[in-house]
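# Summary of structural features
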Amino acid sequence: MKATAVARSNIALAKYWGKRAVPGNVPATPSLSITLAGLETRTTVSFDAALERDAFTLGGALVDGEPLARVTRVLDEVRALAGFAHRARVESANDFPTASGLASSASGFAALVRAALAAAKVEPAPGGGALAAASRMARRASASAARSMFGGFVALGTGEGEGDDPAAVVVAPKEHWEIAVVVGAVTLAPKNVGSTSGMQHCRDTSPYFPAWVEDAPKLFAEVRRAVLARDLAALGAAAEASALRMHACMMASDPALLYFQPATMTLLAEVRALRAQGVGAWATIDAGPHVKVITALADAPRVEAALQPHCARTLVAVPGDGAEVA
Ligand code: 2P0
């Protein structure tokens, strides 16, 4: 009763920020992301009748508290499907630095769900197939993880009109478009406000939150259209608007949720300067200070060179595969 799975991180072009007022961690905004090659979490799950409790190690170090509780909630869902109560050993490792500015919860929970289902030898209830069911399970743990279940360009809706329990869907496979994401990590320090509590605070206190939620579907539709049409300028403009509107909503919270650092603004200015020079480059920013730049693969070296002087670390990522049993 042991299996290993690999999943990759993803970067949202149309952002998820905020949850609907229904159970099960359902997004208030539709999102669309690129699953990124190379940025992998590898997770092994072993169910063992001899264990007294679940044990979770990340990069070799034992993890306790709320992170372990989140892992146990996923394992409980799998145990309920499998009809046994065995505890599990979960060994997880990222091959990219946790402080790289890339989400490790997306790849982490996608790999965990895939490995746990395979180890327990259960297929979750159908409804779009086993991978869709696995994506729903990953969403309940961390919504961005639902998207990492699939490769390429992936959307996650708000579940309205589909039973309030959305799975991510593939918009286009990774082969659809050779596009690059240049990651500029401005610091190696961990962020101070996590996404789950940050979006809750924003919903509770930001007067801009209703406007963000109302506007998001339009930007999502434009991002989706631009991906399907391989229209980089339209995609870049809509993705940059999605990120900046999300941050405007965060900054309007009380007290303000301010993820930007001085280097964040410097990188935004560099991206604008690149555009003024005729380079197709657009920025997106998640719940942290790092800037990720969407550009054509051929322009990635020039973009990376422009970001490098202001960053603790840079890397170039391209579209990759979904979660898979290793
Ligand atoms: C995204 N983020 O769409 C957005 C943009 C951060 C900013 O998905 O509470 O860690 O576990 O569902 O998935 C981060 O949110 O939050 C995220 P939970 P999650 O990529």
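Here goes a summary of the coordinates provided. (Residues numbered from 1 in each chain as written. Predicted model: local features only at pLDDT ≥ 70, side-chain atom pairs only at ≥ 80, totals over all residues. Heavy atoms only, no water.)

Helix and strand content of the protein: nine helices and twelve strands. C-alpha extents for the protein along the principal axes are approximately 60 × 40 × 40 Å. Within the protein, the proportion of its 326 residues that are buried is 55%. Within the protein, contacts between residues at least 6 apart in sequence are counted, and of these 74% link residues at least 24 apart. For the protein, the distance from the average site of its 31 positive side-chain charges to the average site of its 30 negative ones is 1 Å. (Helix = DSSP H or I, 4+ residues; strand = E, 2+ residues; numbered from the N terminus. Buried < 20%, exposed > 50% of the residue type's maximum accessible area, 1.4 Å probe, protein only. Contact = heavy atoms within 4.5 Å. Lys, Arg positive; Asp, Glu negative; His and termini not counted. Charge placed at Lys NZ, Arg CZ, Asp CG, Glu CD.)

Moving on, we come to the environment of Glu123. Here Glu123 is to be found in the loop between α2 (104-120) and α3 (130-141). Along the backbone, Glu123 and Glu40 are 83 residues apart, and their C-alpha atoms lie at a distance of 24 Å.

Before going further, it helps to examine the packing of helix α6 (residues 209-229) against helix α7 (residues 232-251). Put simply, α6 and α7 touch, their axes get as near as 9 Å, and they point 165° apart. Taken together, the axis directions place α6 and α7 in an arrangement best described as roughly antiparallel. The chirality of how α6 crosses α7 is left-handed. Taken together, the residues of α7 that come into contact with α6 (itself represented by Phe209, Trp212, Asp215, Leu219, Glu222, Val223, Arg225, Ala226 and Val227) are Ala234, Leu235, Ala238, Ala239, Ala241, Ser242, Arg245, Met246 and Cys249. (Axes fitted to C-alpha atoms, helices over the stretch in contact; angles between N-to-C directions. Parallel < 35°, antiparallel > 145°, perpendicular 65-115°, else oblique. Left-handed = near helix turned anticlockwise from the far one by under 90°.)

Relative to the assigned elements, Asp54 resides in the loop between β2 (31-48) and β3 (55-58). Polar side-chain contacts of Asp54 include one of 2.9 Å to the side chain of Arg79. Excluding residues within four positions of it along the chain, Asp54 makes contact with Leu68, Thr72, Leu75, Arg79, Arg87 and Ala88. (Polar contact = N/O pair within 3.5 Å; in protein donor to acceptor, adjacent residues only side chain to side chain.)

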